[in-house]
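# Coordinate inspection notes
The chain contents come next:
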Amino acid sequence: RPLFVTNSLSGGGAERSTNIVVNALLENGLQVGLITINDGHGDLVAPNCTVFELKRPIHGKFFSVAAAFIDLQRAIRIWKPNFVVLNCELPELLGSFSFGKFQLIVVEHSSVPWTNRVHLGRIVRRILNLRSALWVGVSNHLSIWNVQLKPDYVVENPILDLVEVNRRYSGQITRLVFIGRLSVEKQASWLISLGKLTSLPVLVIGDGVLREDLETQSKDSLVSTEFLGFVEDPWKKIENGDLLIVPSAFEGDGLVPIEAF
């Protein structure tokens, strides 16, 4: 009875790939559960398994994290898993203090995890290592930060079977497109700078803490930029003449360019 833990129902490659995995396990006859910690939108891939939505406010502080831990432990007690699979920082934090008769599995989704909380990340990783957690990478190029050089296992993220588009488009580029979370490491501001240099309009699909800053940059730069926010299926917004740009400072397996290809 595996139990997966993610930040939310949607939000990035970790959430999307986890939803695909739990559905595949369910189709193969396993009893599988999913805990989502933060409140948020649903994903294009809806998990069909039992889901425990903790609905923590996305900008909640210490007390919301403590409440989420209590709810997580309650879900573990109800589900009685033999494996708990932790995906990303907040699940690692809460999972490191969880208790029960189960094997912890930590999935390394990023080449640079815990960027904003390095000291806390080192403590959490040390606790997880002391608890004999297994470490899984989603790409052969990833090592496990602050624990060991190589993961115990490498399991590449699955992707959706998307409708094939014309990959041989050779017409004029008419718009620059960004898809992803609006956070520092994704570097969406590059597209506005490129829009100014090329006089091309920009489409930004996704949301995050930097949205207001990017909107201000766009106005100050006189770049025609459309911010769509969260879109369940961003590929429906892509048109001939669009150029997708992925300027991330770092990635795990880069789900957006993989799906785009």
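Coordinates for the structure precede this section.
Let us look at the structure shown here.

Moving on: the sheet that holds strand S6 (residues 134-137). One open sheet accounts for seven strands, arranged S3-S2-S1-S4-S5-S6-S7; its pairing is parallel. Each edge of the sheet is formed by a strand with only one pairing partner; in this case those strands are strand S3 (50-56) and strand S7 (153-154). When strand S5 (residues 103-108) meets S6, the two strands line up parallel, connected through four bridges. Opposite Val106, over in S6, you have Trp135 as the bridge partner.

Buried within helix H5 (residues 189-198) are the following residues: Leu191, Ile192 and Gly195. Along the long axis of H5, the arc covered by the buried residues comes to 100 degrees, so they all point the same way. In this structure, H5 carries Lys196 and Leu197 as exposed residues pointing more than 90 degrees from its buried face. Packed against the buried residues of H5 are strand S8 (175-179), strand S9 (202-205), helix H6 (211-221) and strand S10 (225-229). Positive phi shows up at Ser199, right after H5, with a value of about 60 degrees.

So, on to the pattern of salt bridges. Per the stated rule, a full pass over the model turns up 11 salt bridges. Notably, a salt bridge pairs Glu92 with Arg125, separated by 2.8 Å at the nearest N-O pair. Of the two residues, Glu92 is situated in helix H3 (residues 89-96) and Arg125 in helix H4 (residues 118-130); the sequence distance between them amounts to 33 residues. Here Arg175 ties to Asp242 by a salt bridge, and the two come within 2.8 Å at their closest N and O atoms. Of this pair, Arg175 sits in strand S8 while Asp242 sits in strand S11 (residues 242-244); the two residues are 67 residues apart in sequence, bridging distant segments of the chain. Grouping residues by exposure puts Arg175 and Asp242 together as buried. Salt bridges here are not isolated pairs; linked through shared partners, they connect Asp39, Glu53 and Lys55.

Here we come to the packing of aromatic side chains. In total, this model carries two aromatic pairs according to the counting rule given. Relative to Phe63, the ring of Phe62 lies with its centre 5.5 Å away and its plane at 75 degrees, an arrangement referred to as edge-to-face. Like Phe62, the residue Phe63 is exposed in the burial classification. If you follow Arg1 out to its NZ or CZ, it ends over the ring of Trp79, 4.0 Å from the centre.

A separate point is unusual backbone geometry. Of note in this structure, Cys88 is not a glycine but carries a positive phi near 85 degrees. By secondary structure assignment, the location of Cys88 is in the loop between strand S4 (83-87) and H3.

Next up on the list: the packing of H3 against H4. Relative orientation of the contacting elements H3 and H4 amounts to 50 degrees, with a least axis distance of 9 Å. In terms of orientation, H3 lies oblique with respect to H4. As H3 runs across H4, the sense of the crossing is left-handed. Contact residues: Glu92, Leu93 and Ser96 in H3; Leu120, Val124, Arg125, Ile127 and Leu128 in H4.

Cut-offs applied
Residues numbered from 1 in each chain as written. Predicted model: local features only at pLDDT ≥ 70, side-chain atom pairs only at ≥ 80, totals over all residues. Heavy atoms only, no water. Pairing = 2+ DSSP bridges. Helix = DSSP H or I, 4+ residues; strand = E, 2+ residues; numbered from the N terminus. Buried < 20%, exposed > 50% of the residue type's maximum accessible area, 1.4 Å probe, protein only. Arc of directions from axis to C-beta. Contact = heavy atoms within 4.5 Å. Salt bridge = Lys/Arg side-chain N within 4 Å of Asp/Glu carboxyl O. Phe/Tyr/Trp six-rings, centres within 6.5 Å; stacked < 30°, edge-to-face > 60°. Lys NZ or Arg CZ within 6 Å of the ring centre and 35° of its normal. Axes fitted to C-alpha atoms, helices over the stretch in contact; angles between N-to-C directions. Parallel < 35°, antiparallel > 145°, perpendicular 65-115°, else oblique. Left-handed = near helix turned anticlockwise from the far one by under 90°.

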